[in-house]
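Structural features, examined
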Amino acid sequence: MKTGPRMIDAQGLDALIAALASDGREVFGPVRREGAVVYEEISSSDDLPKGWADEQSGGHYRLRQEGDAFFGATLGPQGWKRLLHPPKQVLWRTEGAGEETKIIPEPLDTTRRAFIGARACDLAAIAAQDKVLTEGPYRDPQYAARRANLFIVAVNCTRSAETCFCTSMNTGPKATKGYDIALTELEGGRFLAEAASEAGAAQLAALPSRPATADDEGAAAAGIDRARDQQRRIDTDGLPALLKDRPDHPRWSEVAQRCLNCANCTMVCPTCFCTTVDEVTSLEGPETERVNRWASCFTVDFSHVHGGAVRPGAKSRYRQWMTHKLATWVDQFGEMGCVGCGRCISWCPVGIDITEEAAAIRKGGG
């Protein structure tokens, strides 16, 4: 399977998309919609946001026309989680009534899919969801079915948004695992392509390509280094213990005065996995559905037990979220639950910055 890096052009990228589609896969990639980059089904490179880049900061996201790169825009509000762990998922439904009631499990989603343009941080997020949803004692069969039929084409970042900090989290900007083919886009619509699986090597071998030269590999490495140098940083040394030891730090009260409890950070986070279950009754008959849907620790109902909510205010909710991401997630899963994508910073209406909050809590006691 081990092959050297190859060079493909825009026609080769189209050939890859077409080959994956002809292999019976739904092919998804970044698409420009309503002023943002989202992941939707694509049929060719014409669907990609060529010539568009993003500018991001706290509470700010805009697309602007810049250059001619197919993957110049880094991350939008969506992660690939939407396709693997959907916001709403029917678990089972009932048919009939009374003694004739039957429970019908929802069929497993075995659709074969391909992701084009997955960034290194999002690959790390998929790996985190794999650990949560497939490796524990309570395996999610729907997630597992979608994950089993997935082909991933990663794109290494050659520019970073202002909100990116994947280098600090050791998750990027270069993809190191979790993909079938990785692309690094160079000038002139050229891509350095590397295969990391048997399926990826087979697809790459069928594309019009040439061996990458030392100059090609050097240009790719320089682009990735540029993206790395553009990032903000978070000091993770000893951070889990620090956060758990300072539940009364005054910064928690300060951030609570700004936090709107809107749950944006949890909705855009590619690793958040919390859900709740609803029973939905038909208005036209006795049929019901049990529906699994995303939930957020920023809502009152999330921590509601008999007698009221365990976390009634913004201080306790923000502290719970951030401490889980950067501390107690390590206790659960052996690594932090943050991949440094920066979405929570960009899509927070008031621009709360998790890297800034971590630095503030590191200062002083509490």
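For the structure itself, consult the block above.
All of these numbers come straight from a predicted model, not from anything done at the bench. (Residues numbered from 1 in each chain as written. Predicted model: local features only at pLDDT ≥ 70, side-chain atom pairs only at ≥ 80, totals over all residues. Heavy atoms only, no water.)

1. Let's talk about the side chain of Arg-113
As a reminder, the rule being used: Only DSSP runs of H or I covering at least 4 residues are called helices, and only runs of E covering at least 2 are called strands; the numbering of each starts at the N terminus. In this scheme, a residue with accessible area under 20% of its type's maximum is buried, one over 50% is exposed, and one in between is partly exposed, where area comes from a 1.4 Å probe on protein chains only. Under the rule applied, a polar contact is a pair of N or O atoms within 3.5 Å (in protein, one hydrogen donor and one hydrogen acceptor; residues adjacent in sequence only if both atoms are side-chain atoms). It only takes one pair of heavy atoms within 4.5 Å for two residues to be counted as in contact.
Mapped onto the elements, Arg-113 comes out in strand E8 (residues 113–118). Of the residues examined, Arg-113 reaches a relative accessible area of 12% and is grouped as buried. Polar side-chain contacts of Arg-113 include one of 2.8 Å to the side chain of Asp-109. Apart from the residues lying within four places of it in its own chain, the contact partners of Arg-113 are Arg-25, Glu-26, Phe-28, Arg-146, Asn-149, Leu-150 and Phe-151.

2. Some remarks on helix H5 (residues 198–205)
Rules: This arc is built from the directions going out from the helix axis to the C-beta atoms.
Within the sequence span of H5, burial applies to Gly-200, Ala-201, Gln-203 and Leu-204. Along the long axis of H5, the arc covered by the buried residues comes to 165°, so they all point the same way. The exposed residues of H5 that point more than 90 degrees off its buried face are Glu-198 and Ala-205.

3. A short note on the sheet that holds strand E6 (residues 88–95)
How we decide: Strand pairing requires that DSSP identify at least two bridges connecting the strands. Fitting a line to C-alpha atoms yields each axis, with helices limited to the stretch in contact; the angle taken between N-to-C directions then spans 0 to 180 degrees.
Spatial ordering of the open sheet is given by E7-E6-E14-E13, a layout of four strands whose pairing is antiparallel. Sheet topology places strand E7 (102–105) and strand E13 (275–281) at the edges, where each strand pairs with a single neighbour. The sheet shows a mean angle of 20° between the axes of neighbouring strands, direction not considered. Note that E6 and strand E14 (residues 288–294) share five bridges and pair antiparallel. By the bridge assignment, Arg-93 is partnered in E14 with Glu-289.

4. Comments concerning the environment of Arg-25
By the element assignment, Arg-25 lies in the loop between helix H1 (10–22) and strand E2 (26–33). The sequence separation of Arg-25 and Gly-136 amounts to 111 residues, and the corresponding C-alpha distance is 28 Å. Not counting the four nearest positions on each side in its chain, Arg-25 is found in contact with Leu-20, Arg-112, Arg-113, Ala-114, Asn-149, Leu-150 and Phe-151. Polar contacts involving the side chain of Arg-25 include one to the main-chain carbonyl oxygen of Asn-149, which spans 3.1 Å.

5. Some details on the sheet that holds strand E12 (residues 210–211)
Overall, mixed pairing links the eight strands, which are arranged E3-E2-E8-E9-E10-E11-E1-E12 in an open sheet. Looking along the sheet, the strands with just one partner apiece sit at the ends: strand E3 (36–41) and E12. Strand direction decides the pairing type here: E2 and E3, joined by six bridges, are antiparallel. Bridge pairing links Phe-28 to Glu-41 in E3. Across the sheet, helix H3 (residues 120–134) is in contact with E3, E8 and strand E9 (150–155); its angle to E9 comes to roughly 150°. Docked against the sheet, H5 engages strand E1 (6–8), E9, strand E10 (181–186) and strand E11 (190–195), running at close to 140° with respect to E11.

6. A look at the pattern of salt bridges
Put simply, the rule is: A carboxyl oxygen of Asp or Glu within 4 Å of a side-chain nitrogen of Lys or Arg is what we treat as a salt bridge.
Scanning all chains against the criterion turns up 28 salt bridges. Here Asp-23 ties to Arg-25 by a salt bridge, and the two come within 3.5 Å at their closest N and O atoms. Judged by its relative accessible area of 14%, Arg-25 falls in the buried class. Close ionic contact of Arg-64 with Glu-66 constitutes a salt bridge, the shortest N to O distance being 2.8 Å. Accessibility expressed as a relative area gives 28% for Arg-64, which makes it partly exposed. Note on Glu-66: relative accessible area 38%, which makes it partly exposed. Several salt bridges share partner residues, and in doing so they unite Arg-251, Glu-254, Arg-258, Glu-356 and Glu-357 into one network.

7. What about the side chain of Thr-94?
Residue position: Thr-94 is located in strand E6. In contact with Thr-94, not counting residues within four places along its chain, are Thr-101, Lys-102, Ile-103, Pro-286, Glu-287 and Thr-288.

8. Focus: the nonpolar core
For the record, the criterion: What we call a nonpolar core is a set of buried Ala, Val, Leu, Ile, Met, Phe, Trp, Tyr and Cys residues that are connected through their side-chain atoms within 4.5 Å.
Ranked by size, the top nonpolar core spans 31 residues in total, and within it Tyr-318, Trp-321, Met-322, Leu-326 and Ile-354 carry the most contacts. Elements that contribute at least two residues to this core include exactly helix H7 (239–245), helix H8 (250–258), helix H10 (314–333), helix H11 (343–346) and helix H12 (354–362). In terms of residues, this core owes the most to one element, H10, which gives six residues. Not counting chain neighbours up to four residues away, the residues in contact with Ile-354 comprise Phe-165, Ile-234, Tyr-318, Trp-321, Met-322, Leu-326, Cys-344 and Ile-345. Within the second largest apolar cluster, 28 residues are counted, among which are Leu-75, Tyr-143, Leu-150 and Ile-152.

9. Topic: the pairing of E7
In this sheet, E7 lies alongside E6 in antiparallel orientation, the contact comprising four bridges. Pairing of Thr-94 across the sheet is with Ile-103, part of E7. Taking the residues between adjacent antiparallel strands as the criterion, E6 and E7 are bridged by six residues, where Gly-96 takes a positive phi near 85°.

10. Quick word on unusual backbone geometry
In this structure, Pro-173 follows Gly-172 across a cis peptide bond, with omega equal to 5°. Following the sequence through the fold, Pro-173 ends up in the loop between E9 and E10. Within the chain, Glu-34 stands out as a residue other than glycine whose phi angle is a positive 50°. Its identity as a non-glycine residue notwithstanding, Asn-261 has a phi of 55°, on the positive side. Tracing the sequence through the fold places Asn-261 in the loop between H8 and helix H9 (264–268).

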